[in-house]
Amino acid sequence: QLYGLETGTSKGMGGTGIGVHNSNQINLLNPASYAAVDTLTFLLDIGASLSNNNLAEGKTKMNARNTTFDYVAMQFRLMPHLGFTLGLMPFSNIGYNFKETKQISNDDEGQVTATNTYYGTGGLRQVTAGLGYNPFAGLSVGANVSYIYGEILHHISNQYSDPEITQYTKQYTADIATYSFDLGLQYQVNAGKSQYTLGATYRPGHTINSEAFIIETLSTSDSISCPKMSIPTKYGVGISYSYDNRLTIAADYSIEQYGTVTFFDNKGIDRHRASLGAEYIPEHLTRKLFRRARYRAGIHYATAYYTAAGNPGPTEYGATIGVGLPIMNRWNGKNIINISGQYIHLRPHTPGMITE
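The paragraphs below set out a description of the structure included in this document. (Residues numbered from 1 in each chain as written. Predicted model: local features only at pLDDT ≥ 70, side-chain atom pairs only at ≥ 80, totals over all residues. Heavy atoms only, no water.)

### Focus: the overall build of the chain
Secondary structure summary: the chain contains two helices and 21 strands in total. Principal-axis analysis of the C-alpha atoms places the extent of the chain at approximately 85 × 40 × 35 Å. Split into buried and exposed, the 356 residues of the chain put 41% on the buried side. Taken as a whole, the chain presents about 19400 Å² of accessible surface, with 57% of it coming from carbon and sulfur. Of the side-chain charges in the chain, 26 are positive and 26 negative, and the distance between the mean point of each set is 17 Å. (Helix = DSSP H or I, 4+ residues; strand = E, 2+ residues; numbered from the N terminus. Buried < 20%, exposed > 50% of the residue type's maximum accessible area, 1.4 Å probe, protein only. Areas by Shrake-Rupley, 256 points an atom, 1.4 Å probe, with all protein chains shown as cover. Lys, Arg positive; Asp, Glu negative; His and termini not counted. Charge placed at Lys NZ, Arg CZ, Asp CG, Glu CD.)

Okay, structure coming up:
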């Protein structure tokens, strides 16, 4: 599973944020947005997720529940027009373990079955630091530098009930330590109570200077060094419309060029993602909780970044609703609990593959 840079606010809006410029939230999707933080504000944002997954492959069905840490990020102003952000979040996650057993022969010597086991574990994490600068009215620029690290393991084994048949295993391993560099740009136009923001992001790709191996075991073990993996080049554009600081509508599109990336012995394919989201605040200056709450909704669509049996992997469709509830007390009302519910459907292109 790949993770984006969405915080609780952008998750509730379908994962939009490239064109969103807001002083009251951390927007990791575009470092140019960091310039919006004002002098007297310190932002701390922590997120976690609970997920319930229903998987189906033919007539076989399974349910899995997971709890994951999403991110922790903080943001503050270093000097006039210059904002700073620091965050820790996952980049990718691997976690599966399943097996299938089938009969391969039934003769006078008895029944022989074969059991195929597949499991994977590990993942990558990233530490990100970024600056956003507002050189003159309307224009903001920014940059993120990330350190990405972690381990990857995929394991396949074929075992047989007949001990005379040789067992077979295949293992994919990699120990990753690399960097990522992201650039961002935003331009705002004000027209009365309306505000239009156009945003763009760019991440240059590069080869990861870490070894990846495939280890196959039949009668002996053979280790094969794979081509080096890469961080793909990514382009993103976004636009948002805001009215009276109460209604925001945003749309994003991005492409990650995984078609130039090799995963062990497989080539990737370019990943496209489009999203649309909105946020509405009935009133800013009120003591009524549900009038001051931030209501959000969004949808998104994404293609796969890998192939399965020679066909593109599953297409992703998602819809989200969310609410930001202010915590009001005698000192301030700036603290917010963001809650969102998300429905995601992964639809495979190859018949018989797993639907999630």
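### Regarding the side chain of Glu-6
For Glu-6, the position within the fold is in the segment before α1 (8-12). One buried charged residue, Glu-6, remains without a salt bridge, the closest side chain of opposite sign being Arg-273 at 4.1 Å. Excluding anything up to four places from it in sequence, Glu-6 contacts Lys-11, Gly-15, Leu-29, Tyr-71 and Arg-273. (Salt bridge = Lys/Arg side-chain N within 4 Å of Asp/Glu carboxyl O. Contact = heavy atoms within 4.5 Å.)

### Points about empty space enclosed by the protein
Following the criterion strictly, the structure yields one cavity of 30 Å³ or more and no others. Looking at the lining of the largest cavity, its residues break down into two nonpolar, six polar and no charged. (1 Å grid on protein atoms, 1.4 Å probe; cavity = no way out; pocket = protein on both sides within 12 Å on 5 of 7 lines; lining within 4 Å. Points joined across faces, edges and corners; volume = space filled by probe spheres on them. Nonpolar A, V, L, I, M, F, W, Y, C, P; charged D, E, K, R; others polar.)

### Brief notes about unusual backbone geometry
Phi at His-81 takes a positive value of approximately 75°, unusual for a residue other than glycine. Here His-81 lies in the loop between β2 (60-79) and β3 (82-107). Located in the positive-phi region is Asn-245, a residue other than glycine, with phi close to 55°. Turning to its location among the elements, Asn-245 is positioned in the loop between β12 (234-243) and β13 (247-256). The class for Asn-245 is exposed, based on a relative accessible area of 59%.

### Here we look at the packing of aromatic side chains
Under the definition given, this model contains 11 aromatic pairs. Ring geometry for Tyr-196 versus Tyr-241: centroids 5.2 Å apart, planes at 45°, classification tilted. Here Tyr-241 lies in strand β12 and Tyr-196 lies in strand β7 (residues 194-203), a separation of 45 residues in the sequence. For Tyr-196, a relative accessible area of 41% gives the class partly exposed. Under the relative-accessibility criterion, Tyr-241 is labelled partly exposed at 25%. (Phe/Tyr/Trp six-rings, centres within 6.5 Å; stacked < 30°, edge-to-face > 60°.)

### Observations concerning the pairing of strand β16 (residues 271-280)
Burial along β16 is one-sided: the face carrying Arg-271, Arg-273, Ser-275, Gly-277 and Glu-279 is buried and the face carrying His-272, Ala-274, Leu-276, Ala-278 and Tyr-280 is not. Alignment of β13 against β16, held across 10 bridges, turns out to be antiparallel. Across the sheet, residue Glu-256 finds its bridge partner in β16, namely Arg-271. Inspection of the sheet shows β16 paired to strand β17 (residues 294-302) by eight bridges, in the antiparallel sense. Paired with Tyr-280 across the strands is Tyr-295, a residue of β17. (Pairing = 2+ DSSP bridges.)

### Quick look at the layout of surface pockets
Considering only enclosed or pocket space, the second largest pocket measures out at about 570 Å³ in volume. For the second largest pocket, the lining is made up of 32 residues, of which His-21, Asn-22, Ser-23, Gln-195 and Asn-245 are closest to its centre. Elements represented by at least two residues in the lining of the second largest pocket include exactly β5 (139-160), β7 and β12. The element best represented in the lining of the second largest pocket is β12, accounting for three residues. Across the lining of the second largest pocket, the residue classes break down as eight nonpolar, 19 polar and five charged.

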